[in-house]
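A structural walkthrough
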Amino acid sequence: MSNTRFDLTIRNGRISNADGTFHADIGVRNGVIVEIAPNLAAGTQDVDAAGRWVLPGGIDSHCHIEQLSGMGLMCADDFFSGTVSAAFGGTTTILSFAAQHRADNIPEVVAAYGKLAREKAVIDYGFHLILANPDETALREHLPQVIRDGITSLKVYMTYDKLKLDDYQLLEVMSVAGEEGALVMMHAENHDMIRWIAHRLLERGHVAPKFHAVAHDTLAECEATNRAIALARLADVPVLIVHVAGRETVEVIRNARRLGAAVYAESCPQYLFLEASDIDLPGMEGAKFCCSPPPRDADSQEAVWAGLKDGTLGVYSSDHAPYRFDASGKLPKGDATTFKEMANGVPGIELRLPLLFSEGVMNGRLSIEEFVALTSTNHARMYGLAPRKGAIAVGADADVVLWNPERSVTVGTAMLHDNVGYTPYEGRVLQGWPEMVFSRGRCVVADNTLQVERGSGQYIARGRPDPLTQRPTASPEQGRFSELVGLKRDH
């Protein structure tokens, strides 16, 4: 038996990482895992994990917190309520967004979001940069500096009037990101397809929330995804397609990967557990289920499950976009709000992991190792957080969650910790629940109670994302073109 003194021991647990499951004890000192072995000596805090599944803390790499939308609407969650909600759902690290709007100065945007999170977050956090104005100053000065300072991913939009970039701008952003070692994330929907359909719906008086799903046709997602991949191949950079919803889009990504394209992808709870038919409710109730892309149908749900299983969709995030069901969010014009005027997005930061644990692991769709990969390990590798995050391993941060697989929970708004006031998963019965949450060895949640103070989370400056270091070899034709136009880089 070891005689090493630990600040924390978690003993008698069933530990699962992405690469396997084993029984051992975990010894933690100064917030870091320093030993994993049987029969460790009890630490200052000693936790008996018998009967619990001991998993790496979840990483949610796509959530919108205290962010002003392109429509000028503020999220319902600030960095306190958002990170508290994440923690109660088993998440110990978030990557949210520092959102540039077109008149904004990027360094000022990053500083402002950093201050908000520093004062309020209860778990660790980092940022992606949303880039809406890739002018010369942004591309040559601000973006490279932000990347070097540890924000090694950025998100760009192919739709939304106040955020979208044209293809030339996208190529310029991709080129700089590749040179500087950042991953480009893309919201892929064809703006003009959506605009064309929406115009015809509105002029015919079809304004109810359910028509949001009609306007955001699956072809708009599929076409834009194909174009995003083509642009990334031309620029010779990897790309990640966020919030994949439709079957055809899953197939486009799978086929591109088979051909060697460096394309990665993410999906979210709403595309596994909601359908477009959920939006078809009386009055404005359907607005609670509206996000972009919208939920599709049962066929697309099965395609997303298959994509998560076979690696086509490598990360599972919440895309938590919390807007209240009132004039501050979903209903800026009350009952007269059209589907084009509603805030887009659904809450999900707290239920992301319990939903997938229950419906994926407990129902036999996913192994526990696949669950860990999709909810933690792959995020850490994708976004430059590994090896510090994403695994229960010596040298890693002690971000650990104890799950009770025997606990059954009926979802209700009152039990959640966000500031949204509703959940699209109301009444769903889930099997398995995260009961004890540790972040860097600190007990954050126990006995259904928050154990830490606001502002106790830490900012994580990230390294080079794995897709930038593990690149497929370009085709000879593409390689010659890249060299000709000065895009060829050492990988």
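Parameters and conventions
Residues numbered from 1 in each chain as written. Predicted model: local features only at pLDDT ≥ 70, side-chain atom pairs only at ≥ 80, totals over all residues. Heavy atoms only, no water. Helix = DSSP H or I, 4+ residues; strand = E, 2+ residues; numbered from the N terminus. Rg over C-alpha atoms; globule rule 2.2 N^0.38 Å. Buried < 20%, exposed > 50% of the residue type's maximum accessible area, 1.4 Å probe, protein only. Contact = heavy atoms within 4.5 Å. Areas by Shrake-Rupley, 256 points an atom, 1.4 Å probe, with all protein chains shown as cover. Lys, Arg positive; Asp, Glu negative; His and termini not counted. Charge placed at Lys NZ, Arg CZ, Asp CG, Glu CD. Expected span 1.5 Å × (residues − 1). Bend = angle between axes of the 7 residues up to and from the residue. Pairing = 2+ DSSP bridges. Polar contact = N/O pair within 3.5 Å; in protein donor to acceptor, adjacent residues only side chain to side chain. Core = buried A, V, L, I, M, F, W, Y, C linked by side-chain atoms within 4.5 Å. Right-handed = clockwise from strand over helix to strand, strands pointing away. pLDDT = per-residue confidence, 0-100. Phe/Tyr/Trp six-rings, centres within 6.5 Å; stacked < 30°, edge-to-face > 60°. Axes fitted to C-alpha atoms, helices over the stretch in contact; angles between N-to-C directions.

This part takes up the overall build of the chain. For the chain, the count of helices and strands is 14 helices and 17 strands. Taking 491 residues into account, the globule formula puts the C-alpha radius of gyration at 23 Å, and the chain, at 22 Å, falls close to it. Once the C-alpha set of the chain is aligned to its principal axes, its extents read approximately 70 × 60 × 40 Å. Across the 491 residues that make up the chain, the buried fraction comes to 60%. In the chain, the proportion of contacts linking residues at least 24 apart, taken out of those at least 6 apart, comes to 77%. Approximately 18,200 Å² of the chain is accessible, and the part contributed by carbon and sulfur atoms is 49%. Averaging the locations of the 47 positively and 62 negatively charged side chains of the chain gives two centres separated by 1 Å.

Time to look at helix H3 (residues 136-148). Look at H3: 18 Å from first C-alpha to last across 13 residues, which is about the 18 Å you get at 1.5 Å a residue. The largest bend in H3 comes to about 40°, at His-142, with the proline Pro-144 one to four residues further on. All buried positions along H3 are accounted for by Ala-138, Leu-139, His-142, Leu-143, Pro-144, Val-146 and Ile-147. Lining the buried residues of H3 we find helix H2 (106-120), strand S8 (124-130), strand S9 (153-157) and helix H4 (167-180). Residue Gly-150 follows H3 closely and has a positive phi angle near 105°.

Okay, the pairing of strand S5 (residues 53-56) next. Sheet faces and side chains relate simply in a regular strand, where the side chains alternate between the two faces. Both strand S1 (residues 8-17) and S5 contribute to a ladder of two bridges, which runs parallel. Residue pairing in the sheet places Arg-14 in a bridge with Trp-53 of S5. The pairing of S5 with strand S14 (residues 400-410) spans four bridges and is classified as antiparallel. Paired with Val-54 across the bridge in S14 is Leu-402.

Time to look at the side chain of His-243. Take His-243: it is sitting in the loop between strand S11 (239-241) and helix H8 (247-258). Within the structure, His-243 has its side chain in polar contact with the side chain of His-187 (distance 3.1 Å).

Among soluble globular proteins, nonpolar side chains are generally buried collectively. Grouped together as the largest cluster of nonpolar side chains are 131 residues, with contacts concentrated most on Leu-154, Val-156, Met-174, Met-186, Leu-240, Ile-241 and Phe-371. If one sorts the elements of this core by residue count, helix H7 (residues 218-235) sits on top with seven residues. Each residue touching Phe-371, except ones within four places of it in the same chain, is listed here: Leu-55, Leu-353, Leu-356, Phe-357, Val-361 and Trp-403. Ranked by size, the runner-up nonpolar core spans 18 residues in total, among them Ile-26, Val-47, Val-400 and Leu-402.

Okay, the side chain of Ser-317 next. Assignment of secondary structure puts Ser-317 in the loop between strand S13 (315-316) and helix H11 (352-362). In terms of polar contacts, Ser-317 uses its side chain to reach the side chain of Ser-61, at 3.3 Å. A polar contact is formed between the side chain of Ser-317 and the side chain of Glu-266, at a distance of 3.0 Å. Setting aside residues no more than four positions away along its own chain, Ser-317 makes contact with Asp-60, Ser-61, His-62, Glu-266, Ser-267, Cys-268, Pro-269, Arg-352 and His-379.

So, on to H4. The terminal C-alpha atoms of H4 lie 20 Å apart, and with 14 residues this matches the ideal 20 Å at 1.5 Å per residue to within 8%. For H4, the complete set of buried residues consists of Leu-170, Val-173, Met-174, Ser-175, Val-176, Ala-177 and Gly-178. Residues of H4 that are buried make contact with H3, S9, strand S10 (183-187), H7, S11 and helix H13 (466-469). Of the residues flanking the start of H4, the one acting as N-cap is Asp-166, its side-chain oxygen 3.2 Å from the backbone nitrogen of Tyr-168. Phi turns positive, to about 90°, at Gly-181, one or two residues after H4.

As a further point, take the pairing of strand S7 (residues 91-99). With nine of nine residues buried, S7 lies mostly within the body of the structure. Where strand S6 (residues 58-60) lies against S7, three bridges are found, and the strand directions are parallel. Across the sheet, the residue bridging to Gly-58 is Thr-91, located in S7. Handedness of the β-α-β unit built from S6, helix H1 (residues 79-88) and S7 comes out right-handed. Alignment of S7 against S8, held across seven bridges, turns out to be parallel.

Bringing the confidence of the model for the chain into the picture now. Caution applies to low-pLDDT regions: their predicted coordinates should not be interpreted in detail. Looking at the chain as a whole, its pLDDT mean stands at 95, while 95% of the residues score no less than 70. When the elements of the chain are averaged for pLDDT, helix H14 (residues 476-484) gives the smallest value, 51, and S6 the largest, 99.

Applying the stated criterion to the full structure yields twelve aromatic pairs. Aromatic side chains Phe-273 and Trp-305 sit 6.0 Å apart centroid to centroid with 80° between the ring planes, which places their arrangement in the edge-to-face category. With Phe-273 in helix H9 (residues 270-273) and Trp-305 in helix H10 (residues 298-310), this pair connects stretches of sequence that are 32 residues apart. Trp-305 matches Phe-273 in its accessibility class, with the two residues each being buried. Between Phe-325 and Tyr-422, the ring centres sit 6.5 Å apart and the planes meet at 75°, which makes this aromatic pair edge-to-face. Of this pair, Phe-325 sits in the loop between S13 and H11 while Tyr-422 sits in the loop between S14 and strand S15 (429-439), and the two are 97 residues apart along the sequence.

The eight strands are arranged S6-S7-S8-S9-S10-S11-S12-S13 in an open sheet whose pairing can be described as parallel. Where the open sheet ends on each side, the last strands, each with one partner, are S6 and S13. For S11 and strand S12 (residues 263-267), the ladder comprises three bridges, and the chain directions are parallel. The partner of Val-239 across the bridge, within S12, is Val-263. Contacts from H1 reach S7 and S8, with the element oriented near 145° to S7.

Ser-292 connects to Pro-293 through a cis peptide bond whose omega is -5°. Relative to the helices and strands, Pro-293 resides in the loop between H9 and H10. A cis amide bond links Ala-386 with the next residue in sequence, Pro-387, at an omega value of 5°. Within the fold, Pro-387 resides in the loop between helix H12 (368-382) and S14.

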